[in-house]
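Fold and geometry: a report
The residues making up each chain are set out below.
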Amino acid sequence: MNTSSIVVFSLTGFSAILNYRAILFSLTLLCYFLILVINMSLILTIISDQNLHEPMYIFLCSLCINGLYGTAGFFPKFAFDLLSDTQVISYVGCLLQVFVIYSNAKADYSILVLMAYDRYVAICRPLEYHTVMSVRRTAVLVTLSWLVPVCCQTIVLILTSTLKLCGSNINKLYCENWSIVKLACGSTKANDVVGLIGISFYCCHALCIACSYVQLVKSALKSREGRRKFTQTCVPHLFCLLNVSTALLFDVMYSRYGSASVSQHLKNFMSIQFLIIPPILNPVCYGLILTKIRKRMTYLWTRKREQGIKNITGYNSTHTSSTHSILPHNLNCFFTRFDCQHNLQNTWEQQGLSPLVQSPHEVRRTLQHINPKKATGPDGISGQVLKHFAVALTAVLTYLFNISLEQALSPCASMALTLVVMKCFERLILGHLKDSIPFSLDQHQFAYRANCYSVDL
């Protein structure tokens, strides 16, 4: 018997649950509906809120999308089989289900590795976080977390599809690659080697996660803020990781080396555990523990509920305003008192001078020439930090400096000790003044002249 004669596979794992079809079908629909609602809610929350467009939340969004992708390969077919008299699946459909379920499991693990790395950089190297986890690098990492599992699973299925099969019974509730390999008539050494390489590759993932958590724990114990960050973002990640690892390890090990004496009910539960529990627990854990997501979802739910009540009752408030609208209005009124009446750039242009605008190149060059040995200002930011992260800070400081010049406002209040950042700002303005102000100055004028001081007068 070869692959051309295998038309369908029989899923014999259903033999242990045929007496509970109605209950299991109802639970399956409820569980799948719950997975869809929870994951879609979290995905839409992250996409709709610009404040959540950060690496950690992007990885979480990818994890939820992957959960929907994996469950789509299991739940519809499982629900259909519960209502059918015969539980069978075509040869092509079986390979497709193997691809979807196991590429989902591998992508799940890859995304969890990225989340562990993101937390390591955020807690252990906070000053370098935005440089290391840039938008471009985040996009590349997310792409690789999907592309590598897809390529790995494609190679596995190509090898499986070349086997000559001598049976058609799969002792599971869904198609699984090793169950197909065990039906082969000939040698399966190539499949064994590739499978072990794949297992070793993802064991290295687990080792990377373990190393990152060793560093995270060491860093978290040093400060109260570190412990707070660890509890808020790492504990749910660790819980999800342990859950997925346990389920996948049991599934892989039992498929290859399992004993026939294990109860079919236990085998069925452990084989589908990683398809049910992680897609539900992942968004629930992160949604409840991560403050930004919890507040955003609470706000959207409250606003939707209030709008629904207003639509039902026909209520339309024209005389009252909510606290949420009063506070921004009062703040705007307060800060409007400090607005400038004149635009500094227009004044310079009227006098025939070039506009006072700082370029990123000038700002970066000024930061790179800071003397790191100078004392820090009241903000505690040393010149060494500014010089070391000159490239990362250039865009932000250029924007702040130009906004300050445009509005004719100082970036910070007057202080006895000048901030290092303000010294850089003054140096940039000084260079512009030297180029712009004519040198028809009084001979006793010492400002804006090189090597001239008030003591020389």
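Below is a short write-up of the structure.

On to the overall build of the chain. Tallying secondary structure elements over the chain gives 17 helices and three strands in all. In the chain, which comprises 457 residues, the proportion classed as buried is 39%. For the chain, restricting intrachain contacts to residue pairs at least 6 apart in sequence, the fraction spanning at least 24 positions comes to 77%. Working note: accessible area of the chain is about 26500 Å², and carbon and sulfur atoms make up 64% of it.

Attention now moves to the packing of aromatic side chains. All told, the structure shown has eight aromatic pairs when counted by the stated rule. Taking the centre distance of 5.8 Å and the plane angle of 85° together, the rings of Phe74 and Tyr174 count as edge-to-face. Of this pair, Phe74 sits in the loop between helix H2 (55–72) and helix H3 (75–83) while Tyr174 is found in the loop between strand S3 (169–170) and helix H7 (177–181), placing the two residues 100 residues apart along the sequence. This pair shows no difference in class: Phe74 is buried, exactly as Tyr174 is. Three or more aromatic residues joined by ring pairs make a cluster, and in this case those are Phe14, Tyr32, Phe74, Phe75, Phe78 and Tyr174.

In total, this model carries two disulfides according to the counting rule given. Between the sulfur of Cys166 and that of Cys185 lies a disulfide, 1.4 Å long from S to S. One disulfide, between Cys166 and Cys185, carries an S-S torsion of 125° and so falls in the right-handed class. Of this pair, Cys166 sits in the loop between helix H6 (135–161) and S3 while Cys185 sits in the loop between H7 and helix H8 (189–220), placing them 19 residues apart in sequence. We classify Cys166 as partly exposed; its relative accessible area is 47%. The class for Cys185 is partly exposed, based on a relative accessible area of 40%. Sequence-ordered numbering of the bonded cysteines in the chain gives a disulfide pattern of 1-3, 2-4. Here Cys208 is not cross-linked by a disulfide; its sulfur's nearest cysteine counterpart is in Cys211, at 6.6 Å.

So, on to the environment of Phe74. For Phe74, a relative accessible area of 1% puts it in the buried group. Put simply, Phe74 and Ile101 are 27 residues apart on the chain and 7.2 Å apart in space, counted from C-alpha to C-alpha. Setting aside anything within four residues of it in sequence, one finds Phe74 in contact with Gln97, Ile101, Tyr174, Ile272 and Leu275.

Summed over the entire model, instances satisfying the criterion amount to four salt bridges. A salt bridge links Asp118 to Arg119; the shortest N-O distance between them is 2.7 Å. The buried category is assigned to Asp118, whose relative accessible area is 0%.

Now for the nonpolar core. If you look at the biggest cluster of nonpolar residues, it comprises 79 residues, and the most contacted ones within it are Phe9, Leu60, Leu165 and Tyr174. In terms of residue count, the dominant contributor to this core is helix H4 (residues 91–124) (17 residues). If near-sequence neighbours (up to four positions away) are discounted, Phe9 is found in contact with Gln87, Val88, Ile89, Ser90, Tyr91, Cys94, Leu165, Gly167, Ser168, Ile170, Ile180 and Leu183. Formed by 15 residues, the second largest nonpolar core is a distinct cluster that contains Val363, Leu405, Met422 and Cys424.

Burial along strand S1 (residues 8–11) is one-sided: the face carrying Phe9 and Leu11 is buried and the face carrying Val8 and Ser10 is not. Here S1 runs beside S3; their pairing, made up of two bridges, is parallel. The partner of Ser10 across the bridge, within S3, is Asn169.

Time to look at the packing of H4 against H6. Closest axis-to-axis distance for the H4/H6 pair is 8 Å, and the angle between their directions is 145°. Regarding H4 and H6, the two cross each other, and that crossing is right-handed.

Relative to the elements of secondary structure, Thr71 occurs in helix H2. Those residues in contact with Thr71 that sit more than four places away from it in its chain are Tyr32, Ile35, Pro76, Leu275 and Pro279.

Time to look at the packing of H2 against H6. With their axes 11 Å apart at the nearest point, H2 and H6 run at an angle of 20° to one another. Between H2 and H6, the interaxial angle falls into the category roughly parallel. By crossing handedness, the relation of H2 to H6 is classed as right-handed. Only Thr138, Leu141, Val142 and Trp146 of H6 make contact with H2, whose side of the interface consists of Pro55, Ile58, Phe59, Ser62, Ile65, Asn66 and Tyr69. Tallied by class, the residues present in the contact of H2 with H6 amount to eight nonpolar, three polar and no charged.

What follows covers a nonpolar patch on the surface. Taken together, the side chains of Tyr20, Ile23, Leu27 and Leu30 define a hydrophobic patch exposed on the protein surface, amounting to about 430 Å² of accessible area. Looking at the element boundaries, Ile23 is found in helix H1 (residues 21–48). You can call Ile23 exposed: its relative accessible area is 55%.

Thresholds applied
Residues numbered from 1 in each chain as written. Predicted model: local features only at pLDDT ≥ 70, side-chain atom pairs only at ≥ 80, totals over all residues. Heavy atoms only, no water. Helix = DSSP H or I, 4+ residues; strand = E, 2+ residues; numbered from the N terminus. Buried < 20%, exposed > 50% of the residue type's maximum accessible area, 1.4 Å probe, protein only. Contact = heavy atoms within 4.5 Å. Areas by Shrake-Rupley, 256 points an atom, 1.4 Å probe, with all protein chains shown as cover. Phe/Tyr/Trp six-rings, centres within 6.5 Å; stacked < 30°, edge-to-face > 60°. Disulfide = S-S within 2.5 Å. Salt bridge = Lys/Arg side-chain N within 4 Å of Asp/Glu carboxyl O. Core = buried A, V, L, I, M, F, W, Y, C linked by side-chain atoms within 4.5 Å. Pairing = 2+ DSSP bridges. Axes fitted to C-alpha atoms, helices over the stretch in contact; angles between N-to-C directions. Left-handed = near helix turned anticlockwise from the far one by under 90°. Parallel < 35°, antiparallel > 145°, perpendicular 65-115°, else oblique. Nonpolar A, V, L, I, M, F, W, Y, C, P; charged D, E, K, R; others polar. Patch = residues over 30% accessible without salt bridge, like charges linked within 9 Å, V, L, I, M, F, W, Y side chains within 5 Å.

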